[in-house]
Amino acid sequence: MSVFSEVPQAAPVAVFKLSQDFSNDQFPQKVNLGVGAYRTDEGQPWVLPVVKKVEKIIVHDDRLNHEYLPILGLPEFRSSASKIALGDDSPAIQEDRVGAVQCLGGTGALKMGAEFLRRFYNGNNNTKTPVYVSAPTWENHNAVFANAGFDDVRPYKYWDAENRGLDLAGFLGDLESCPEHSIFVLHACAHNPTGTDPTQEQWMQIADIMMRRKLFVFFDSAYQGFASGSLEKDAWAVRYFVSMGFEMFCAQSFSKNFGLYNERVGNLTIVAQDADNLKRILSQMEKIVRTTWSNPPSQGARIVAITLNSPELFSEWKDNVKTMADRVLLMRAQLKAKLQALGTPGTWDHITEQIGMFSFTGLNSKQVEYMVKEKHIYLMASGRINMCGLTTKNIDYVAESIHETVTMVQ
Amino acid sequence: MSSWWGGVQMGPPDPILGVTEAFKRDTNPKKMNLGVGAYRDDQGKPFVLSCVRKAEAIITSKQLDKEYLPIGGLGEFSKACAELALGADSEVLKSGRNITVQTISGTGSLRIGANFLSRFHGGPLDVYLPKPSWGNHTPIFRDAGMQLKAYRYYDPSTCGFDFKGALDDISKIPEQSVIMLHACAHNPTGVDPRPEQWKEISDIVKKRNLLVFFDMAYQGFASGDIDRDAWAVRYFIEQGHNIVLSQSFAKNMGLYGERVGGFTVVCNDAEEAKRVESQLKILIRPIYSNPPMNGARIAATILNTPDLRSIWLGEVHGMANRIIKMREQLVAGLKKEGSSHNWQHVIDQIGMFCFTGLKPEQVERLTKEFSVYMTKDGRISMAGVTSGNVGYLAQGIHAVTK
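Here goes a summary of the coordinates provided. Just so you know, these numbers come straight off a predicted model, no measurement behind them.

**Here we look at the overall build of chain B**
Thought 1: A tally of regular secondary structure across chain B gives 16 helices and 13 strands.
Thought 2: Rg of the C-alpha trace for chain B: 21 Å, near the compact-globule value of 21 Å for 402 residues, within the 12% margin.
Thought 3: In terms of overall dimensions, chain B has C-alpha extents of about 65 × 65 × 55 Å along its principal axes.
Thought 4: When each of the 402 residues of chain B is scored for burial, the buried share is 62%.
Thought 5: Across chain B, the fraction of contacts at a sequence separation of at least 24, relative to all contacts at a separation of at least 6, is 75%.
Thought 6: For chain B, the exposed surface amounts to about 15,300 Å²; the carbon and sulfur share of it is 52%.
Thought 7: For chain B, the distance from the average site of its 47 positive side-chain charges to the average site of its 42 negative ones is 4 Å.

Below, the structure is given as structure tokens:
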């Protein structure tokens with residue numbers, strides 16, 4: 001008799017199942033527009049040239065070893081990563097009220113922030129505080145907060161399917177009507193999965209309400225630099241909120257902008273009211289880290305720290321990031337142009353108006369099914385495509401397939 | 001303006017890491033850090049294994065990409081990890097009835113295990129730890145929602161194993177509870193059961209129908225022989241226990257900061273293993289999505305490349321031997337100082353740690369007067385002892401115990 005005989009089979013995580021199906025497909029012209037990782041125009045993963053350079057430096061440095069990092073991570077990583085988000089000249093940093101926890105990727109940073117909030121936010125041990133995530137959002141947001149112990153994870157209005165844009169009125173309405181002190185997970189830029197970001201004026205409206213209604217700001221920043229090609233531009237919203245004086249968290253991922261996906265490089269940046277608050281927060285973060293992973297992995301953080309702290313390498317990195325962002329912009333422009341040239345029914349402006357790695361095409365689930373089954377083009381059931389999966393070699397096939405799908409399937 | 005965090009208290013400093021902090025501040029040139037369990041060579045320096053450096057060179061030359069690993073980690077690592085623990089000829093591996101996932105070293109493995117049990121264990125959510133156990137076991141299981149209980153283990157009067165006490169306590173544990181066993185090199189005491197004692201423990205655990213959770217953080221590091229150190233784990237499986245197992249490669253491969261570990265569930269059959277695997281993935285995804293590549297790649301390369309594996313086995317043997325030698329030299333040194341106490345336990349205990357038997361006041365004096373840093377429970381990390389400082393340590397211990 002097994003203690004585990006009643007364990008049910010869990011459904012596979014959708015995005016990984018999609019990749020699996022793609023792998024198994026024998027069709028020669030298959031295209032993977034599923035999982036969010038950058039691809040070159042040859043459809044290959046890309047290890048950033050600056051990363052290769054830094055890895056060589058590390059391998060040849062005999063002074064380096066594999067000793068434990070401190071619980072909160074590599075200090076030079078944490079501080080330089082926070083500077084990337086907040087800006088070198090950030091007043092909050094100068095006021096000694098910014099700290100950070102090195103985490104296992106963006107997921108790990110969200111997890112640490114969530115665990116801390118569940119223990120210490122809004123009356124201590126308050127699992128009843130509503131956590132709002134955008135509708136739609138990255139599918140793992142729900143699980144991260146639910147698993148951290150929050151009972152009430154809810155959607156806030158975000159995507160207007162009919163107009164294929166931001167449902168600002170809905171969003172602001174939810175901000176006005178939600179319980180005070182609710183936690184909001186905001187996408188810093190390049191919203192996943194819609195690619196639709198608020199404008200600066202819209203962010204200011206959002207910030208106003210959040211300040212007035214005492215809502216907690218939790219930014220998820222997974223694409224800084226990747227969205228527009230400019231680190232500063234992509235960090236505008238985060239920096240604006242900091243300038244407004246919020247006590248807030250920002251979960252940063254270096255998976256995409258450094259191409260360090262499998263090294264799990266993340267940073268939870270904490271903006272506190274003052275140095276004393278910060279000290280106490282970090283001491284409690286240590287306790288949470290200690291029972292989850294004890295201390296974080298060193299390789300990826302070293303690569304990022306060395307890069308960010310060297311002027312030449314930093315410059316080279318920014319170029320590498322711009323290369324990726326520019327290729328995505330090119331694919332957006334070309335896809336839209338081809339669909340328009342084909343006379344594909346519907347409007348396709350959203351392809352170039354949306355930003356970052358993803359595009360919400362507007363294809364419905366039947367159309368998605370057709371794309372996958374008949375055309376061997378793999379995308380998420382939501383209609384989300386990864387622009388990085390497009391290349392100059394497959395873009396015609398994809399455009400023609402979308403055209404066929406939209407015409408044949410309603 | 002009021003803050004959200006006004007009520008957040010300053011967290012207490014970690015007792016083990018706090019020792020290192022204090023050590024760093026001390027200016028005494030003879031100071032010794034016998035706190036945290038990281039191996040040091042005979043010069044007191046961190047030791048990067050040569051098989052690790054060789055593996056890194058091979059990996060660099062392959063120019064691999066950095067794509068996400070699967071949630072359960074690097075397949076060639078998990079497979080090699082399971083084989084190392086269970087033995088290549090294990091019936092469990094042949095029938096595919098284990099699921100082994102890559103984890104964030106030992107801590108991450110224990111945490112995933114605790115979360116899994118908390119969610120799926122049909123029996124009482126009570127974990128019985130040996131008294132004493134690694135300090136972090138308690139908060140890990142507690143945070144995962146389990147209750148902590150204890151069974152007698154260490155006998156302070158002999159500085160050895162309280163075999164009768166352990167059997168007595170275990171015989172009273174409610175059925176289907178979870179019992180934590182340290183596979184080898186018990187942390188913090190260094191006291192391991194002998195094989196005949198393990199056999200009796202297995203019998204009583206079977207009688208009580210307990211779920212066995214093995215923590216194996218020192219395979220190879222204890223005796224110098226990886227098969228010998230895994231004996232208890234393999235024996236229990238042979239006896240029919242479907243165990244869960246945490247492994248760490250922090251110490252035995254010196255991969256501390258790369259966070260390399262594994263978590264294994266031994267199931268009834270391959271079908272059950274598939275179901276368990278799917279649920280482990282559901283647990284892992286909202287914590288960190290998928291594990292880090294670097295350390296697992298190094299470990300897999302070493303385990304799966306015969307030359308490197310050979311070198312590794314030699315180096316683990318070397319580390320274990322140095323520890324054993326330091327134990328012997330410490331006891332010899334104490335005899336030379338003229339100590340009348342029985343220090344045999346220093347040699348009988350095994351692995352990185354030694355429970356000296358020193359009382360808190362004696363520990364305090366050792367720290368204040370000799371700048372020897374250790375945890376209050378009298379535990380010393382033998383890895384911090386070298387041929388250069390073992391004489392000084394003997395002097396200090398003798399001074400506070402005579």
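Now, onward.
**Observations regarding the side chain of E115(A)**
Residue and element names in this part refer to chain A.
Thought 1: Position of E115 among the secondary structure elements: in helix α5 (residues 105–120).
Thought 2: Judged by relative accessible area, E115 falls into the buried class, the value being 3%.
Thought 3: Engagement of the side chain of E115 in a polar contact is seen with the side chain of R118, the distance being 2.9 Å.
Thought 4: Polar side-chain contacts of E115 include one of 2.7 Å to the side chain of R119.
Thought 5: Aside from chain neighbours lying at most four places away, what touches E115 is N147, A148 and I288.

**Some remarks on the interface of chain B and chain A**
Thought 1: Listed as interface residues are 76 residues of chain B and, on the opposing side, 78 residues of chain A.
Thought 2: Summed over both partners, the interface of chain B with chain A buries about 6,600 Å², with 56% contributed by carbon and sulfur atoms.
Thought 3: The largest per-residue losses of area from chain B upon contact with chain A belong to W4(B), W5(B) and K66(B), which jointly make up 15% of the total buried on that side.
Thought 4: Viewed at the interface, chain A and chain B are joined by six salt bridges.

**Focus on the pattern of salt bridges**
Thought 1: One pass over the structure, following the stated rule, counts 39 salt bridges over all chains.
Thought 2: Taking the shortest distance from any N to any O, the salt bridge between D174(A) and K157(A) comes out at 3.1 Å. Separated by 17 residues along the polypeptide, D174(A) in helix α7 (residues 168–177) and K157(A) in strand β4 (residues 153–157) bring together distant segments of the chain.
Thought 3: D174(A) gets classed as buried once you look at its relative accessible area, which sits at 12%.
Thought 4: In this structure, the salt-bridge partner of R297(B) is E76(B), at a minimum N-O distance of 3.7 Å. Pair noted here: R297(B) is in helix α12 (residues 293–304) and E76(B) is in helix α3 (residues 75–86), with a separation of 221 residues, a long-range link.

**A word on empty space enclosed by the protein**
Thought 1: Applying the stated criterion across every chain, the model contains two cavities of 30 Å³ or more.
Thought 2: Of the voids in this model, the largest cavity is the one considered here, and its volume is about 50 Å³.
Thought 3: For the lining of the largest cavity, the elements supplying multiple residues, two or more each, are α7 (163–170), β7 (178–182) and α8 (195–207) of chain B.
Thought 4: Of all the elements, β7(B) adds the most residues to the lining of the largest cavity, at three residues.
Thought 5: Each residue belonging to the lining of the largest cavity can be placed in one class, and the counts come to 11 nonpolar, two polar and no charged.
Thought 6: Roughly 30 Å³ of volume is contained in the second largest cavity.
Thought 7: Forming the boundary of the second largest cavity are Y156(A), Y158(A), F171(A), L186(A), H187(A), H191(A), P198(A) and W203(A).
Thought 8: Here the residues of the lining of the second largest cavity are counted per class, giving six nonpolar, two polar and no charged.

**Details of the layout of surface pockets**
Thought 1: Approximately 1,200 Å³ is the volume attributed to the second largest pocket.
Thought 2: Surrounding the second largest pocket, 41 residues form its lining, F16(A), Q20(A), P70(B), I71(B) and K281(B) being those nearest its centre.
Thought 3: Put simply, the parts of the chain that give the lining of the second largest pocket at least two residues each are α1 (14–24) of chain A together with α3, β2 (98–104) and α11 (270–288) of chain B.
Thought 4: Among the elements that make up the lining of the second largest pocket, the one with the highest residue count is α11(B) (seven residues).

**Let's talk about the sheet that holds strand β8 (residues 211–216) of chain B**
Residue and element names in this part refer to chain B.
Thought 1: One open sheet accounts for seven strands, arranged β2-β10-β9-β8-β7-β3-β4; its pairing is mixed. Two strands in the sheet have a free side with no partner beyond their single neighbour: β2 and β4 (147–152). Taken over all neighbouring pairs, the strand axes of this sheet differ in orientation by 25° on average, direction set aside.
Thought 2: Two strands pair when backbone bridges link them, and β2 and strand β10 (residues 260–266) are joined in this way by seven bridges, in the antiparallel orientation. Across the sheet, I99 pairs through a bridge with V265, a residue of β10.
Thought 3: Along the sheet, helix α10 (residues 231–238) makes contact with β7, β8, β9 (244–248) and β10, crossing β8 at roughly 160°.

**A closer look at the packing of α7(A) against helix α8 (residues 200–212) of chain A**
Residue and element names in this part refer to chain A.
Thought 1: For the pair α7 and α8, interaxial distance at closest approach is 9 Å and the crossing angle is 15°. Judged by the inter-axis angle, α7 sits roughly parallel to α8. The handedness of the crossing between α7 and α8 comes out as right-handed. Judged by residue contacts, L168, F171, L172, L175 and E176 of α7 engage Q202, Q205, I206, I209, M210 and R212 from α8.

Cut-offs used in this document
- Residues numbered from 1 in each chain as written.
- Chains lettered and ligands numbered in written order.
- Predicted model: local features only at pLDDT ≥ 70, side-chain atom pairs only at ≥ 80, totals over all residues.
- Heavy atoms only, no water.
- Helix = DSSP H or I, 4+ residues; strand = E, 2+ residues; numbered from the N terminus.
- Rg over C-alpha atoms; globule rule 2.2 N^0.38 Å.
- Buried < 20%, exposed > 50% of the residue type's maximum accessible area, 1.4 Å probe, protein only.
- Contact = heavy atoms within 4.5 Å.
- Areas by Shrake-Rupley, 256 points an atom, 1.4 Å probe, with all protein chains shown as cover.
- Lys, Arg positive; Asp, Glu negative; His and termini not counted.
- Charge placed at Lys NZ, Arg CZ, Asp CG, Glu CD.
- Polar contact = N/O pair within 3.5 Å; in protein donor to acceptor, adjacent residues only side chain to side chain.
- Buried area = accessible area lost by both parts, 1.4 Å probe.
- Salt bridge = Lys/Arg side-chain N within 4 Å of Asp/Glu carboxyl O.
- 1 Å grid on protein atoms, 1.4 Å probe; cavity = no way out; pocket = protein on both sides within 12 Å on 5 of 7 lines; lining within 4 Å.
- Points joined across faces, edges and corners; volume = space filled by probe spheres on them.
- Nonpolar A, V, L, I, M, F, W, Y, C, P; charged D, E, K, R; others polar.
- Pairing = 2+ DSSP bridges.
- Axes fitted to C-alpha atoms, helices over the stretch in contact; angles between N-to-C directions.
- Parallel < 35°, antiparallel > 145°, perpendicular 65-115°, else oblique.
- Left-handed = near helix turned anticlockwise from the far one by under 90°.

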